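Summary of the model geometry
The residues making up each chain are set out below.
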Amino acid sequence: MAVTCLAGTAQAIDPDRTMSQYVRERWGADRGFPGGTVQAISQTADGYLWLGTDRGLYRFDGSAFRRFPEPGSASPSITQVLGLTVDGRGTMWVRLGGPRVLRYRDRRFESVPSLETMEDAITAMARAPDGTMMMAGIVNGPLRWSGERVESLAPRASLPARSPVTSMTEAGDGRIWMGTQGEGLFCAVQGQVIAVRQGLPDRTISAVLAVGARDVWVATPKGMVRWNGSGISADGLAPGLRRVVASTMTVDRESNVWIGTAEGLLRVNARGVSRFEDPAARVAVTALFEDREGSLWVGTPRGLERLRDTSFTTYGPAEGLPSESSGPIHVDAEGRTWFAPLGGGLFWLHNGRVGKVTADGLPGDVVYSLAGGKDGLWVGRKAGGLTRLVTRGGAVVARTYRTADGLVDDTVYAVHESRDGTVWAGTLESGASRFRDGRFTTYDSESGLVSNTVVSIVDTADGTTWFATPSGLGALSKGHWRYFTTRDGLPSDDVSCLLEDSAGGLWIGTGDGLARLGPEGIRVPGGVPGSLHEPIFGLAEDRQGWLWIATSTRVLRARRDQLLDPSPGRAEVAEYGPSDGLYSTEVARRHRSVVADLFGRIWFSMSRGLSVVDPVRATSSAAPVVARIEALSADGNLIDLEGTHAIPAGSRRVTLGYSGVSLGAPDEIRFRYRLDGFDRGWSEPFSAREAVYTNLAPGAYQFRVMASNSEGFWNGAEAALGFDIEPVVWQTRWFRLTSALAGALILLGLYRMRLHRLTRQLNVRFEERLAERTRIAQELHDTLLQGFLSASMQLHLAVDRMPPGSPERGSLAGVLELIKRVIEEGRNAVRGLRSSQSSLDDLEQSFSRIRDELGVRDDVAFRVIGGGPPRRLHPMIRDEVYRIGREALINAFRHSGATRIEVGVEREARRLRVLVRDDGKGIDAEVLRAGRDGHWGLSGMRERSERIGGRLRLWSRPGAGTEVELTVPGHVAFPAASSRGPAGWLRALTRSWTRQIPRSGDSAGH
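We now turn to the structure provided with this report.

Parameters and conventions
Residues numbered from 1 in each chain as written. Predicted model: local features only at pLDDT ≥ 70, side-chain atom pairs only at ≥ 80, totals over all residues. Heavy atoms only, no water. Buried < 20%, exposed > 50% of the residue type's maximum accessible area, 1.4 Å probe, protein only. Helix = DSSP H or I, 4+ residues; strand = E, 2+ residues; numbered from the N terminus. Pairing = 2+ DSSP bridges. Axes fitted to C-alpha atoms, helices over the stretch in contact; angles between N-to-C directions. Contact = heavy atoms within 4.5 Å. Patch = residues over 30% accessible without salt bridge, like charges linked within 9 Å, V, L, I, M, F, W, Y side chains within 5 Å. Areas by Shrake-Rupley, 256 points an atom, 1.4 Å probe, with all protein chains shown as cover. Salt bridge = Lys/Arg side-chain N within 4 Å of Asp/Glu carboxyl O. Core = buried A, V, L, I, M, F, W, Y, C linked by side-chain atoms within 4.5 Å. Polar contact = N/O pair within 3.5 Å; in protein donor to acceptor, adjacent residues only side chain to side chain.

Here the focus is the pairing of strand β45 (residues 465-469). Each regular strand carries side chains that alternate between the two faces of the sheet. Counting buried residues along β45, five of its five residues qualify, which places the element largely inside the surrounding structure. The alternating pattern of β45 places Thr465, Phe467 and Thr469 on one face and Trp466 and Ala468 on the opposite face, and all of these are buried. Judged from the four bridges that link them, strand β44 (residues 456-459) and β45 form a sheet pairing that is antiparallel. For Asp459, the partnering residue across the bridge sits in β45 and is Thr465. The loop that links β44 with its antiparallel partner β45 comprises five residues; one of these, Gly463, has a positive phi angle of about 90 degrees.

Following this line, the structure appears as structure tokens:
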């Protein structure tokens, strides 16, 4: 057992060296600074930094300077700026010479006439804690501008007449302090002004600053003093400040007081005074401002500078570390950070002091791994086995275990102390050893370990011990082994690091990215940047639920729950680099090179130094980036954003320019946009600041854009701009409507021509048929019927000559009766072939005579009903309709057994409709469908209906009667009438089209 002194080898780190953690940047003429002395700095809500110089006003976006107002603008000219302040409403106030004060809001500069008319000069300007503006005037003294109203804070007579107020501030207790040029310090309380001169080293006040609830720091040409709530003195100020001549002061969010002097910049805090200056050339500080990201901007006669406090604090040789490269690290319960350089040895860092452990040969051996618990520190060594260090008082007691003590191998790469005090030692070739109750137990590939190379060990709350190996992940629980490889969902079998998170899940770092093992199995984060698919060498979780990840070349931060969200692109991953305080982004290839300490900080062992980050501070350091739409153009012609945003008709290329301001990292801003009414979703993130759309259809659109900050988080407000694309003549609604109407009229005209042609063709066919029927009737009458009549007459003569009692006389009388019936039927046939010459209403009259012709009994109720105005029917149509109706009536009278029979004749412009209805016994469905053998009535009715272009519908049910409906189109039935007007043409067109399409429900029709 070896003992070494803990304090004897300690080396102190200079506290002022922590100042090197600030990143200092300069913008001079070589980086675009327009020149002049920076006299005021401020920042507007959109993130832009504004510089007031003795040459004018400039806006800075982190990379380029732009003068305002722009050339050609209608805004008042600005040649010299004495002060800049942004009030609580986001309006920027610009103090110029004399009474001139401008306001900048809604992208416009405007004067304040009420101030110019009531004041000869505004000599000081400041923002009050409540966001209102305080001003000091020559005529009216201290003023407060609230909204659109100005009020006096104190009578002007209570201030010296010849000494203007040059600086103002309001303390936490509501007192307004005013420094004058030659008459000392004044305090305004409840409308009263009190002179405060006792204790001032000089009556010329160059700056006043409220610090805390009551304190006010006062700068004079002969040094600085402080109002402590009861009086003015230098008590409480660092001795080095009592002779400092300050020109400007500010206090930052961490209560550091920054003082600008003619020889440089000072920072004052609880640790003392630190000086920022260029050893080669001391430059006067003329303006100070802290932006919303916490960076301090410094104005000088030579340009602009920025001091940015980094997220990471890095310790290297410059900060007292013995080596630039580091290996494993461990932070104990006392806050002492143990680290082992790659070159060998073991050291600690605590309260700015660095110490070296000299016990048991550690200075000459390489330390592979560190682990600790309540019983001290365990050290895994390259050649020296496993060493336990226990701190007692001011000494370190060492105890080393080797193979002779039961350790499987003297080369220990991974050390882990479990919750129950068990110590595990993983080796590179021989498996792992478990140290419990003073004894070692060996586990290797033969006893269940997945591989003899163990690079990381961790135990979880359920008592399982996990082993990371190049061949997969092994788990030992209650004496049983489990294994996980790529077949189980791992991205790679090469497992390098493990971490149990606060939710009980196991995060697994592999050679091909990250995975998590939970109750649902192994899950690989989806929709994440490519950086999370690199080899993972270190993992830690902070108290806010963020994972800190070290890959082969990057340091990353991601929220744990977002990594498990299946939504594409849901995970926001921040990346850190040299601009954040890291000397290197390459992590040390050692077990536990990334650890979280008991104070919530995350430590990284890098190839260059030890880096530590406070997650709370890092999370809040990057402010949201506010996207802003800067320009809209159509085919290269700019469109005024203050106007109606109308895109001229016929524009083929619409371009939208946008920007976002990140003063800390302008090159790391990424944008995504979408055009509502065209895009289905957000675009992919990219750095371009222009979106181009071609050949957009006329209509209303809404363009939206948002930006990510330097950490890759889309937490800023989106900007939106609506615009309308005007249609060309042929895209207007009235043009389309007119074109549609014209097309409809053309179609109707074509239809009417076709209808007339079809009607003429149909009439010609009807006339031909009528003429043929008339010829047949004449021939039948002149030949057949005349022959029968002649034969009948001769037979009558023969019968008359026969004796009355002759037996042949009776037979010949029967023949004569038969001939008589044949002649009568022939005459009826001739009458049917000839066209009727009846009146317009002869259908109703003809149907009315049928019962008498049939000799039906009078107990059958029969009526004929007519409807519609009189219309002349085409002779051919009239005869066919009559025959169909007659057949239906004959069937009703002879076969239905009906007690009531009705006939309806309806004449309309669009149709002729005949309905025959009875209440008889009905017709069997099969007979209705196919007819009765040897009977042709139903089939004849269908054939006649088809010949005249009509539609026949028969409905019947046994015991429920029968309906026969015949419908004939109007243009067919009434040839003398035609559809007049567009509505009639349209109806006719529709009927014509629908008539030519067979219907499934018309099977009984024709």
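One open sheet holds the four strands; their spatial order is β3-β30-β29-β28, and the pairing between them is antiparallel. Among the strands making up the open sheet, the edge pair consists of β3 (22-27) and β28 (287-290). Going from strand to strand, the sheet's axes swing by 15 degrees on average, the running direction of each strand aside. Relative to strand β30 (residues 303-309), β3 runs antiparallel, the two sharing six bridges. If you follow Glu25 over to β30, its bridge partner there is Arg306.

Attention shifts here to the environment of Val661. Its location among the elements puts Val661 in the loop between β62 (653-660) and β63 (670-676). In this structure, the C-alpha to C-alpha distance between Val661 and Arg628, residues 33 residues apart in sequence, is 8.7 Å. The residues touching Val661, leaving out its near neighbours within four places in the chain, are Asp46, Gly47, Tyr48, Asp61, Arg292, Val625, Val626 and Ile669.

What follows is about a nonpolar patch on the surface. Together, Val729, Trp730, Trp734 and Phe735 make up an exposed nonpolar region whose accessible area comes to about 470 Å². Within the element layout of this structure, Trp730 appears in the loop between β66 (719-725) and α4 (733-801). Relative accessible area serves as the criterion here: at 57%, Trp730 is assigned to the exposed category.

Glancing now at the nonpolar core. Among the nonpolar cores identified, the biggest contains 35 residues, and Phe847, Val881, Leu889, Ile901, Leu912 and Val968 are the most heavily contacted of them. Secondary-structure elements contributing two or more residues to this core are α6 (842-854), α7 (875-896), β68 (900-907), β69 (911-918), α9 (937-947), β70 (951-956), β71 (962-969) and α10 (970-973). Element by element, the count of residues in this core is highest for α7, at eight residues. Apart from the residues lying within four places of it in its own chain, the contact partners of Leu912 are Leu873, Val881, Val905, Glu906, Arg907, Leu966, Thr967, Val968, Ala973 and Phe974. Core analysis: the second largest hydrophobic core is formed by 29 residues, Trp27, Tyr104, Phe109 and Ala287 among them.

Attention now moves to the side chain of Glu902. In this fold, Glu902 is placed in strand β68. A distance of 2.9 Å separates polar atoms of two side chains, one belonging to Glu902 and the other to Arg863. Residues contacting Glu902, with those up to four places away along its chain left out, are Arg863, Leu915, Val916 and Arg917.

In short, shape yes, function no, at least from these values alone.
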